[in-house]
Amino acid sequence: MLRSVILAASRSSQVERLVATAPYTRDVVRRFVAGAATDDALSATRGLVDDGLAVTLDHLGEDTVTPEQATATRDEYLNLLSVLSGAGLTPAAEVSVKLSALGQMFDEQLAYDNVRAICAAADKAGTTVTLDMEDHTTTDSTLEVLAKLRKDFPSTGAVLQAYLRRTESDCRELSSAGSRVRLCKGAYKEPESVAYQSAREVDKSYVRCMNILMSGDGYPMLATHDPRMISIGEDRARWFDRGPERFEFQMLYGIRPEEQARLAGEGYTVRTYVPYGDQWYGYLMRRLAERPANLVFFGRALVSKK
Ligand SMILES: Cc1cc2nc3c(=O)[nH]c(=O)nc-3n(C[C@H](O)[C@H](O)[C@H](O)COP(=O)(O)OP(=O)(O)OC[C@H]3O[C@@H](n4cnc5c(N)ncnc54)[C@H](O)[C@@H]3O)c2cc1C
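The present account deals with the structure reproduced in this document. (Residues numbered from 1 in each chain as written. Predicted model: local features only at pLDDT ≥ 70, side-chain atom pairs only at ≥ 80, totals over all residues. Heavy atoms only, no water.)

Taken together, eight strands build an open sheet; the order of strands is β3-β2-β1-β8-β7-β6-β5-β4 and the sheet is parallel. What marks the edges here is a single partner per strand, and that holds for β3 (129–131) and β4 (158–161). The average undirected angle you get between the axes of adjacent strands in this sheet is 30°. Where strand β1 (residues 54–59) lies against strand β8 (residues 270–276), six bridges are found, and the strand directions are parallel. (Pairing = 2+ DSSP bridges. Helix = DSSP H or I, 4+ residues; strand = E, 2+ residues; numbered from the N terminus. Axes fitted to C-alpha atoms, helices over the stretch in contact; angles between N-to-C directions.)

This next bit is on unusual backbone geometry. Going from T90 to P91, the amide bond is cis rather than trans, its omega being 10°. Along the chain, the position of P91 falls in the loop between α5 (67–86) and β2 (93–97). One non-glycine residue, D241, lies in positive phi territory at about 55°. Mapped onto the elements of the fold, D241 is located in the loop between α10 (227–239) and β7 (248–252). With a phi close to 50°, R256 is a non-glycine residue in the positive phi region. Along the polypeptide, R256 turns up in the loop between β7 and α11 (257–265).

As a further point, take the side chain of T56. Mapped onto the elements, T56 comes out in strand β1. Residue classification places T56 among the buried positions, given a relative accessible area of 1%. Reaching out from T56, the side chain makes a polar contact with the side chain of S96 at a distance of 2.7 Å. T56 has contacts with E94, V95, S96, R182, R271, T272, Y273 and V274, leaving out every residue within four places of it along the chain. (Buried < 20%, exposed > 50% of the residue type's maximum accessible area, 1.4 Å probe, protein only. Polar contact = N/O pair within 3.5 Å; in protein donor to acceptor, adjacent residues only side chain to side chain. Contact = heavy atoms within 4.5 Å.)

Residues L57, V95 and V115 are the most contacted members of the largest nonpolar core, which totals 64 residues. In terms of residue count, the dominant contributor to this core is helix α9 (residues 199–215) (seven residues). With 13 residues, the next largest nonpolar core counts A9, F32, V33 and W280 among its residues. (Core = buried A, V, L, I, M, F, W, Y, C linked by side-chain atoms within 4.5 Å.)

One pass over the structure, following the stated rule, counts four aromatic pairs. Ring centres 5.3 Å apart and planes at 75° place the aromatic pair F247 and F249 in the edge-to-face group. Assigned by exposure class, F247 and F249 land together as buried. Seen from their ring centres, F249 and Y268 are 5.4 Å apart, and the 80° between their planes marks the pair as edge-to-face. Note that F249 is positioned in strand β7 and Y268 in the loop between α11 and β8, a separation of 19 residues in sequence. Considered together, F249 and Y268 belong to a single accessibility category, that of buried residues. The ring of Y112 carries K148 above its face, with NZ or CZ at 4.0 Å from the centroid. (Phe/Tyr/Trp six-rings, centres within 6.5 Å; stacked < 30°, edge-to-face > 60°. Lys NZ or Arg CZ within 6 Å of the ring centre and 35° of its normal.)

A complete count under the given rule lists 19 salt bridges for this structure. Notably, a salt bridge pairs D170 with R166, separated by 2.7 Å at the nearest N-O pair. A relative accessible area of 30% places R166 in the partly exposed class. Two residues, R236 and D235, come together in a salt bridge whose shortest N-O distance is 2.8 Å. What makes R236 buried here is its relative accessible area of 12%. Because the salt bridges share partners, they merge into one network encompassing D58, K98, D132 and R182. (Salt bridge = Lys/Arg side-chain N within 4 Å of Asp/Glu carboxyl O.)

Direction vectors running N to C along α9 and α10 enclose 20°, while the axes themselves pass 11 Å from each other. With respect to each other, α9 and α10 are oriented roughly parallel. In this structure, α9 meets α10 at a crossing whose hand is right-handed. Listed contacts from α10 to D203, Y206, V207, M210, N211 and M214 of α9 are R228, M229, I232, G233, R236 and A237. Grouping the amino acids of the contact of α9 with α10 by side-chain chemistry returns seven nonpolar, two polar and three charged. (Parallel < 35°, antiparallel > 145°, perpendicular 65-115°, else oblique. Left-handed = near helix turned anticlockwise from the far one by under 90°. Nonpolar A, V, L, I, M, F, W, Y, C, P; charged D, E, K, R; others polar.)

This brings us to α9. Taking 1.5 Å per residue, 17 residues should reach 24 Å; α9 reaches 24 Å between its end C-alpha atoms and fits that length. Listed in full, the buried residues belonging to α9 are V202, D203, S205, Y206, V207, C209, M210, I212, L213 and M214. Of the surrounding elements, those touching the buried residues of α9 are α8 (167–173), β5 (180–184), β6 (219–223) and α10. (Expected span 1.5 Å × (residues − 1).)

So, in structure tokens, the structure goes:
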């Protein structure tokens, strides 16, 4: 019910106008989105890197339904990578890419060609790419694209979602040497047939997956703001003798910045996921709709800096 209301609002230009012109909107958006332009992304990245954090950048795009939109997204990433490299911000900054923004929904070959061009540009810039994971209907196709990309660009990162029942097995498959894997809980509304539904089950799965990745040979990227998961991650790092060059924590821009600073101060590698672009309305609304718990997630961030 709540999800349907938010999704309806995300498609309403009237609500968008209302939200966009509300007194505190700009402050709220700027807390979670670096800005509209490449230069905004650059200055946010510079600030975070100066503070000892690593960065992954996500160019926000609306639903990509034409080849022209897919190509424009690719070109923005190519431009971004060249700007980051010119500013000396690689390899501290890498990029995160959604295959749907590159055409996956209507032309898988086009999406592959586009992401391959981005991987080649990242390689040239001395950094890498992580493939964001979307809803479960795209998991197989995204992992197939990942396997193909890794033949030429072995450091291409995967994302696995602990709420999916299949993920423990995917973690085993992807825990080989050099394999970069971001583990998150998962942000989409998924059916019970494929995903755990309760927070407790998802958390237990997250810990099982973390154990597989942290005891394996790959490079785990623990993406969570959850204090319990972070503390278990710190514990496993000690247990499996993983220093800051062998795993990292990741959090979203604007969420728990003091915790990001604390972990970095303790010597951990911490990467902030920085979205930018003028399509922030759809991004914020979809994040809320994907998981109604995120209403609390964003709401809490508005009143707390911890
Ligand atoms: C770097 C990164 C990349 C991601 N990439 C993807 C992706 O590719 N695909 C995908 O499906 N999802 C992705 N996600 C989203 C992820 O799946 C979750 O939806 C999101 O991170 C919320 O889960 P959580 O683990 O942070 O904890 P939650 O279960 O949301 O929260 C658990 C606890 O964390 C603490 N907490 C959470 N938020 C706050 C806050 N704002 N302030 C204070 N405390 C807070 C609270 O104690 C809370 O009880 C990504 C997340 C991150 C951090």
